[in-house]
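For reference, the chains in residue letters:
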Amino acid sequence: MFASIPVIITTIMSIASTAQTLLALGRDVAPQVADLKRLISGDKVTVDELKEMRARNDALNAEIESLSEA
Amino acid sequence: MRLFRIAAIMVMAGLVTGCAGLGDKFNTPVFNGGLSLTATVQNPITNEQQAGVELSATIARQALLAYARQPRCAAGVSRVTCSSGPVVAKLKKANRLVNIALVKMRDFLDRNQQVSAINAFNEAVAALRDFRATAYVEGIEIKAAP
């Protein structure tokens, strides 16, 4: 009974961590999802908006490149 | 002689009307069924299509970052609730392919190279699909267009 407590705690922590990651991801991608919805509904995209999207993508790419693989 | 005149008139008429038709053809870009290699054409990839690819790449990359920012898994463990070095390495590799395709697509579109732009656009979409497939194999699902 008591032996299973650490396992339960670890599981809860793991679920909480995943939930936190998912929430953070949801927050991060919300603007892009909104933009995609706008695109689907037929909104036009300006050259400046496109430039902004490219810049954002490049920044993310740089961040990914700096990730450790260890 | 009379026959020659009739033939000459027919040839002239043919040339005049034919040239009028051909004139249009010469001014129509080859991509639109014409003969001109220099006439400008509207880029076949719209800003909205480009935006779709850019946004999809952004969402996929943010998912990768969210996965990679999790605490590292214990050695030999591979789960979605923790990040593993080899999985990050695999995703980074797939991301590099996406980046190559994206840069190529942007370059062709910026230089308004129609045929190459279509190919580059399709390559970027395919690279994004590969990226998503790689992530999916590792248990990370990225739901985004295209």
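Here, the structure is the one placed above.
A brief report on the enclosed structure follows. This structure is a prediction, so every number in the text was calculated from the model and none was measured. (Residues numbered from 1 in each chain as written. Chains lettered and ligands numbered in written order. Predicted model: local features only at pLDDT ≥ 70, side-chain atom pairs only at ≥ 80, totals over all residues. Heavy atoms only, no water.)

**Digging into the overall build of chain B**
Next, step 1: On a plain count of helices and strands, chain B comes out with four helices and zero strands.
Next, step 2: Across chain B, helices and strands are ordered from the amino to the carboxyl terminus as α-α-α-α.
Next, step 3: Relative to its full complement of 146 residues, chain B shows a buried share of 41%.
Next, step 4: Here the contacts in chain B between residues at least 6 apart in sequence split such that 51% fall between residues at least 24 apart. (Helix = DSSP H or I, 4+ residues; strand = E, 2+ residues; numbered from the N terminus. Buried < 20%, exposed > 50% of the residue type's maximum accessible area, 1.4 Å probe, protein only. Contact = heavy atoms within 4.5 Å.)

**Notes on the overall build of chain A**
Next, step 1: A tally of regular secondary structure across chain A gives two helices and zero strands.
Next, step 2: Considering chain A as a whole, with its 70 residues, one finds that 23% of them fall into the buried category.

**Section: the environment of A68 of chain B**
Next, step 1: Relative to the helices and strands, A68 of chain B resides in helix 2 (residues 47-68).
Next, step 2: On the accessibility criterion, A68 of chain B (10% relative accessible area) is buried.
Next, step 3: Considered as a pair, A68 of chain B and S84 of chain B are 16 residues apart in the sequence and their alpha carbons are 7.7 Å apart.
Next, step 4: Among residues more than four places away in sequence, those in contact with A68 of chain B are L67 of chain A together with S83 and V88 of chain B.

**Focus: the side chain of K92 of chain B**
Next, step 1: By the secondary structure assignment, K92 of chain B is in helix 3 (residues 85-110).
Next, step 2: A relative accessible area of 4% places K92 of chain B in the buried class.
Next, step 3: When sequence neighbours within four positions are dropped, the list of residues in contact with K92 of chain B reads I64, E65, L67 and E69 of chain A together with L64 of chain B.

**Thoughts on helix 4 (residues 114-137) of chain B**
Residue and element names in this part refer to chain B.
Next, step 1: With 24 residues, helix 4 extends 35 Å between its outermost C-alpha atoms, agreeing within 8% with the 34 Å of an ideal straight helix rising 1.5 Å per residue.
Next, step 2: Those residues of helix 4 not exposed but buried are Q114, A117, A120, F121, A124, V125, A127, L128, F131 and A135.
Next, step 3: Turning to helix 4, the residues buried within the fold contact helix 2 and helix 3.
Next, step 4: G139 occupies a position one or two residues after helix 4 and carries a positive phi of about 90°. (Expected span 1.5 Å × (residues − 1).)

**Observations regarding the interface of chain A and chain B**
Next, step 1: Each partner contributes residues to the interface: chain A has 32 residues there, and chain B has 34 residues.
Next, step 2: There are six salt bridges connecting chain A and chain B.
Next, step 3: In this structure, R96 of chain B engages E69 of chain A in a salt bridge whose closest nitrogen and oxygen atoms are separated by 4.0 Å.
Next, step 4: Put simply, chain A and chain B have 17 residue pairs in polar contact (both at pLDDT 80 or more) between them. (Salt bridge = Lys/Arg side-chain N within 4 Å of Asp/Glu carboxyl O. Polar contact = N/O pair within 3.5 Å; in protein donor to acceptor, adjacent residues only side chain to side chain.)

**Thoughts on the state of the cysteines**
Residues and elements named next belong to chain B.
Next, step 1: Applying the stated criterion across every chain, the model contains one disulfide over all chains.
Next, step 2: Covalent S-S linkage joins C73 and C82, the inter-sulfur distance amounting to 1.9 Å. Torsion about the S-S bond of the C73 and C82 cystine: about 100°, corresponding to right-handed handedness. Each member of the pair, C73 as well as C82, is classed as buried. (Disulfide = S-S within 2.5 Å.)

**Some remarks on the packing of helix 2 (residues 47-65) of chain A against helix 2 of chain B**
Next, step 1: Closest axis-to-axis distance for the helix 2 of chain A/helix 2 of chain B pair is 9 Å, and the angle between their directions is 25°. Taken together, the axes of helix 2 of chain A and helix 2 of chain B lie roughly parallel to each other. Every pair of crossing elements has a handedness; the one defined by helix 2 of chain A and helix 2 of chain B is left-handed. From helix 2 of chain A, V47, L50, M53, R54, R56, N57, L60, N61, E63 and I64 of chain A reach across to helix 2 of chain B, where they touch N47, Q50, A51, E54, L55, A57, T58, R61, Q62, L64 and L65 of chain B.
Next, step 2: Here the residues of the contact of helix 2 of chain A with helix 2 of chain B are counted per class, giving 10 nonpolar, six polar and five charged. (Axes fitted to C-alpha atoms, helices over the stretch in contact; angles between N-to-C directions. Parallel < 35°, antiparallel > 145°, perpendicular 65-115°, else oblique. Left-handed = near helix turned anticlockwise from the far one by under 90°. Nonpolar A, V, L, I, M, F, W, Y, C, P; charged D, E, K, R; others polar.)

**Observations concerning the pattern of salt bridges**
Next, step 1: A full pass over the atoms with the stated rule returns 12 salt bridges over all chains.
Next, step 2: Put simply, D110 of chain B and R54 of chain A hold a salt bridge, and the shortest N to O gap is 3.0 Å. Taken together, the positions of D110 of chain B in helix 3 and R54 of chain A in helix 2 put the pair across two chains.
Next, step 3: Looking at R54 of chain A, the relative accessible area reads 15%, which means it is buried.
Next, step 4: Through salt bridges with shared partners, one network takes in D35, R38, D43 and E49 of chain A.

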